[in-house]
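As a plain string of letters, each chain reads:
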Amino acid sequence: MRVAERIKNDAGKSPAAVAGPSAPTTGSGSGRKRRGVNREGLEAGRRSTRTLLWVLLAAAMVLYGFPFLYLLFTSFKTPIDTIAVPPTILPKEWTLENYANALGRSGVVASFINSIQTAIISTLLSLVLAVPAAYGITRYQTLSGRIFIMAALVTRMVPPVAIGIPLASMMASMGLADTPIALSIAHTTISLPLSIWLMSSFFEAVPRDLEESATVDGCSRLGALWRVVIPVVSGGIAVTAIFAFLASWNEFLFALLMTAIRSQTTPVVIANFQTQFGLDWGSMTALAAVYSIPVILLTLLLQRKIVAGMTLGAVKG
Amino acid sequence: MSTRKTINRFVTIGGVCTAVALAATGCGAGGPSTTGSAGTSTVNVLVEAGGHAELTGVAEQCKKDAGVNVNFVELPYDGMFNRLSSEFSSGNVSFDVAALDSVWLPSFKDAVQPIDEIFTDEAKKDIFPALVKEANVDGHFIGLPAWTNAEIILYRKDLFEDAKNKADFQAKYGYELAAPTTWKQYQDIAEFFTKDGMYGTDVKGGVETEWLAHVLQAGSPMVLDGDKVVIDNAAHKEALDFYVSLVKSAPSGAAQVDWAAAQNLFNQGKTAMTRFWAHAYRQIPKDSPVAGKVGTAPMIAGSAGIGGVPGPWYLTVPKATKNTDAAKKFIKCAYDNNSMGIESSLGLASRISAFEKYQDKAGYESFGPLIETLNGKATATRPATEKWQQIVDTVLVPMLQKAVAGGDSATLLADAKKQIEDLVK
């Protein structure tokens, strides 16, 4: 029996039973006392470990969460408060002025639409390409498949700045300059390798028996993929979609190089609040806070799928 | 289910997705077109985000006067140089007019067209001499200064006019407390106000322009004299020693202080004086503790007189645009309506007559000192080398940071000379 299964089976049993045949089951009063003391010691140890873990967890949460909270608080500060020396965490006076300034700026609404459009197209492209690629690689196990997946990994190592300018020139020569499709294709070059790797690990976790059973029941190979495998890895697809969406949603460099009037996305507009003549912290943080809302909502919406997807890839059958 | 059926389903879904994607990307949400087609009266103007407001009024006026519609392509300063390099080198430009920082002009001089016809004799008289000189590259004018700036002195009028401060200063230094005009006065006043948690001034280790202004005031060209590297001469050392001497009257961490930090310190009331770009005067927040208490004065003078480094932006027409006529019409509009920039949030212009028109109006007290600084005897633009940005980033700023942290000025300047010689050879 595997260790994980044994732990799971033992979970409902008494400590004595769990201890196994070598553990003493009877004894004197002093033995019971000693065991009682040991159990108390063990409990105390567990409590302190748990406390330590909670402290570490809280520290990690502060570390990750504080910058965002600071951004959020700054977005409600008055102009002079945003540049206070030394800085303050909470606004002295709460105001929505920064949100009005940021959202009232020309081009902001259009940039939001562009960001959504680009991220959706890029996510769709990534999934449409990554799902069959990953399925083929994991199921056929060919040499070319292995080379392909390694090559996909290598493309992740190339700094985006190295391909940004050639990619922008290529798109311009194809007549796609300043279009969301050009930016989506560029973003897909970032998310596709990761999507293939993620989907490969999810497909590997699906027992082949499932497909074979479906085939026995009359499904074709593609039918088994569509009707059986894809529903099983839907959590994994959600995780992959989230990563692909986020990669596009937050991307800045390609957007800077490839967009102008028609397809400028919000990260570039946020950066525009820092100019050679000053930094408008309040408006910048307000727009950044608004821009975070869709991805936060998306993550909450797909939370269950994400957790399911994460665990799907973690344990192989 | 048969394989054919499944394939059909995949093909249908894929087709729908592709159709949606293509339909959605026919054009983005920002506007109808990126590049102005040949002969149209619409121009795309590439501009740094901070300068956009400067040209908004001009664009509206240009539509009325010349029938030229303007779309602005707004980019952050840090990414603009890369974008310009990429588009100019590919020969495919997404804009018909580009507003270029003066330091980029030498780098892109071959990618933009001459606009000599705009520089009439009358125009040349109405633009600051240093800018006329800078705009002329290889015998042709390639950029019209849309707006310009220079560092002036901003000081706390309330502290300078305080009777006790005046008396104490007189007693300690033997002359009247007033806006500084010389290096010595600046040092004394900075030292005097460094007390009770306040500092006399800031020292900016993260930027080079201010030190370069002091080099000019000390009587030397900045860094390069023609092809010769002169950064180790006496004037550079004198300017560096003066710059570093102010560290004791400035907040700690001078090596990291840049424009934004210095502006914050002054607007928060932490420093009594700052040498800063003139536009900052009109950008003091209304709720700042120093709002309404700030005075302005021209940049201080060294042995060579008042000297500043102008910070103009030039409107240029790329050779690759198909819309040259409309682009030049827009530039002419920008010249004719130059004073409209003063009404914008940045509040700058490039024509002397535009600044003079406003200098006596309330709220524009920075213009008099700005005009005086831009006309200063020692005022000069940065060296016209395409390596300038590289020299700044890799040599000048690191050298200043070491200097304000206590490095030996002569050694640092000698090292800088070697590095710059390697870069420009």
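Whatever comes next refers back to the structure up there.
**Let's talk about the packing of helix 6 (residues 108–140) of chain A against helix 12 (residues 234–249) of chain A**
All names here are of chain A. It is the contact of helix 6 with helix 12, at a shortest axis distance of 8 Å, that shows an interaxial angle of 135°. The pairing of helix 6 with helix 12 is recorded here as oblique in orientation. Helix 6 and helix 12 meet at a crossing whose hand is right-handed. Taken together, the residues of helix 12 that come into contact with helix 6 (itself represented by Ser-115, Ile-116, Thr-118, Ala-119, Ile-120, Ser-122, Thr-123, Ser-126 and Leu-127) are Ile-237, Thr-240, Ala-241, Ala-244, Phe-245, Ser-248 and Trp-249. Taken together, the residues of the contact of helix 6 with helix 12 break down into nine nonpolar, seven polar and no charged.

**What to know about the nonpolar core**
Residues and elements named next belong to chain B. The biggest cluster of nonpolar side chains holds 159 residues, and the ones touching the most others in it are Leu-84, Trp-211, Ile-231 and Leu-396. Looking at this core element by element, the count peaks at ten residues for helix 15 (residues 388–404). Here this core spans two domains, and each of domain 1 (42–148 + 312–350) and domain 2 (151–309 + 382–424) adds at least three residues to it. For Leu-396, the contacting residues outside a window of four places in its chain are Glu-208, Trp-211, Leu-212, Val-223, Ile-231, Trp-388, Ile-391 and Ile-420.

**As for the packing of aromatic side chains**
Residue and element names in this part refer to chain B. For the structure on display, the rule yields 31 aromatic pairs over all chains. With centroids separated by 6.0 Å and ring planes inclined at 50°, the aromatic side chains of Phe-128 and Phe-355 adopt a geometry described as tilted. Of the two residues, Phe-128 is situated in the loop between helix 4 (121–126) and helix 5 (129–135) and Phe-355 in helix 13 (residues 352–358); the sequence distance between them amounts to 227 residues. Plain terms: the ring middles of Phe-169 and Tyr-175 are 5.2 Å apart, the flat faces sit at 85° to each other, and that makes the pair edge-to-face. Assessed through its relative accessible area of 0%, Phe-169 is described here as buried.

**What to know about the environment of Thr-138 of chain A**
All names here are of chain A. Note that Thr-138 resides in helix 6. With 61 residues separating them in the primary sequence, Thr-138 and Met-199 have C-alpha atoms 9.3 Å apart. Setting aside its immediate chain neighbours within four residues, Thr-138 contacts Ser-200, Phe-203, Glu-204 and Arg-208. A polar side-chain atom of Thr-138 sits 3.1 Å from the main-chain carbonyl oxygen of Tyr-135.

**Thoughts on helix 15 of chain B**
All names here are of chain B. The principal kink in helix 15, of about 30°, is found at Leu-396, preceding the proline Pro-398 by one to four residues. Along helix 15, the residues classified as buried are Trp-388, Ile-391, Val-392, Val-395, Leu-396, Val-397, Met-399, Leu-400, Ala-403 and Val-404. At its buried positions, helix 15 is contacted by helix 9 (209–217), helix 10 (234–245) and helix 16 (409–424).

**Quick notes on the sheet that holds strand 2 (residues 69–75) of chain B**
All names here are of chain B. Ordered by their spatial adjacency, five strands build an open sheet running 2-1-3-14-6, and the pairing between neighbours is mixed. Either end of the sheet is taken by a strand with one partner, and the two such strands are strand 2 and strand 6 (144–147). Averaged over all pairs of adjacent strands, the angle between their axes in this sheet comes to 30°, without regard to strand direction. As paired strands, strand 6 and strand 14 (residues 313–316) are joined by three bridges and run antiparallel to one another. Paired with Trp-147 across the two strands is Trp-313, which belongs to strand 14. Most of the contacts of helix 3 (residues 77–90) go to strand 1 (residues 42–48), to which it runs at about 125°, and overall it touches strand 1, strand 2, strand 3 (97–101) and strand 14.

**Observations concerning helix 15 (residues 281–301) of chain A**
Residue and element names in this part refer to chain A. In a regular helix each residue adds 1.5 Å, so 21 residues correspond to 30 Å; helix 15 covers 30 Å between its end C-alpha atoms and thus fits that length. Along helix 15, the sharpest change in direction is near 25° and occurs at Ile-293; proline Pro-294 comes one to four residues later. Turning to helix 15, its buried residues are Gly-282, Ser-283, Met-284, Thr-285, Ala-286, Leu-287, Ala-288, Ala-289, Val-290, Tyr-291, Ser-292 and Val-295.

**A short note on the sheet that holds strand 10 (residues 273–277) of chain B**
Residues and elements named next belong to chain B. Strand order across the open sheet formed by three strands is 10-7-11, with antiparallel pairing between neighbours. The open sheet has two edge strands, strand 10 and strand 11 (294–297), and neither has a second partner. Neighbour to neighbour, the strand axes of the sheet diverge by 35° on average, direction disregarded. When strand 7 (residues 151–156) meets strand 10, the two strands line up antiparallel, connected through five bridges. By the bridge assignment, Ile-153 is partnered in strand 10 with Arg-275. Here helix 11 (residues 259–267) sits on the sheet in contact with strand 7, strand 10 and strand 11, set at roughly 135° to strand 10. Contacting strand 7 and strand 11, helix 14 (residues 367–374) crosses the sheet at an angle of about 145° to strand 7.

**Regarding the packing of helix 6 of chain A against helix 11 (residues 221–232) of chain A**
Between two packed helices, what matters for the description is the angle formed by their axes and the separation of those axes. Residue and element names in this part refer to chain A. Interhelical geometry of helix 6 versus helix 11 gives an angle of 105° and a closest axis separation of 13 Å. In terms of orientation, helix 6 and helix 11 fall into the roughly perpendicular class. Taking contact as the criterion, the partners of Val-131, Tyr-135, Arg-139 and Tyr-140 in helix 6 are, on helix 11, Arg-221, Leu-225 and Ile-230. Considered class by class, the residues forming the contact of helix 6 with helix 11 number five nonpolar, no polar and two charged.

Conventions used here
- Residues numbered from 1 in each chain as written.
- Chains lettered and ligands numbered in written order.
- Predicted model: local features only at pLDDT ≥ 70, side-chain atom pairs only at ≥ 80, totals over all residues.
- Heavy atoms only, no water.
- Axes fitted to C-alpha atoms, helices over the stretch in contact; angles between N-to-C directions.
- Helix = DSSP H or I, 4+ residues; strand = E, 2+ residues; numbered from the N terminus.
- Parallel < 35°, antiparallel > 145°, perpendicular 65-115°, else oblique.
- Left-handed = near helix turned anticlockwise from the far one by under 90°.
- Contact = heavy atoms within 4.5 Å.
- Nonpolar A, V, L, I, M, F, W, Y, C, P; charged D, E, K, R; others polar.
- Core = buried A, V, L, I, M, F, W, Y, C linked by side-chain atoms within 4.5 Å.
- Buried < 20%, exposed > 50% of the residue type's maximum accessible area, 1.4 Å probe, protein only.
- Domains from an automatic or database assignment.
- Phe/Tyr/Trp six-rings, centres within 6.5 Å; stacked < 30°, edge-to-face > 60°.
- Polar contact = N/O pair within 3.5 Å; in protein donor to acceptor, adjacent residues only side chain to side chain.
- Bend = angle between axes of the 7 residues up to and from the residue.
- Pairing = 2+ DSSP bridges.
- Expected span 1.5 Å × (residues − 1).

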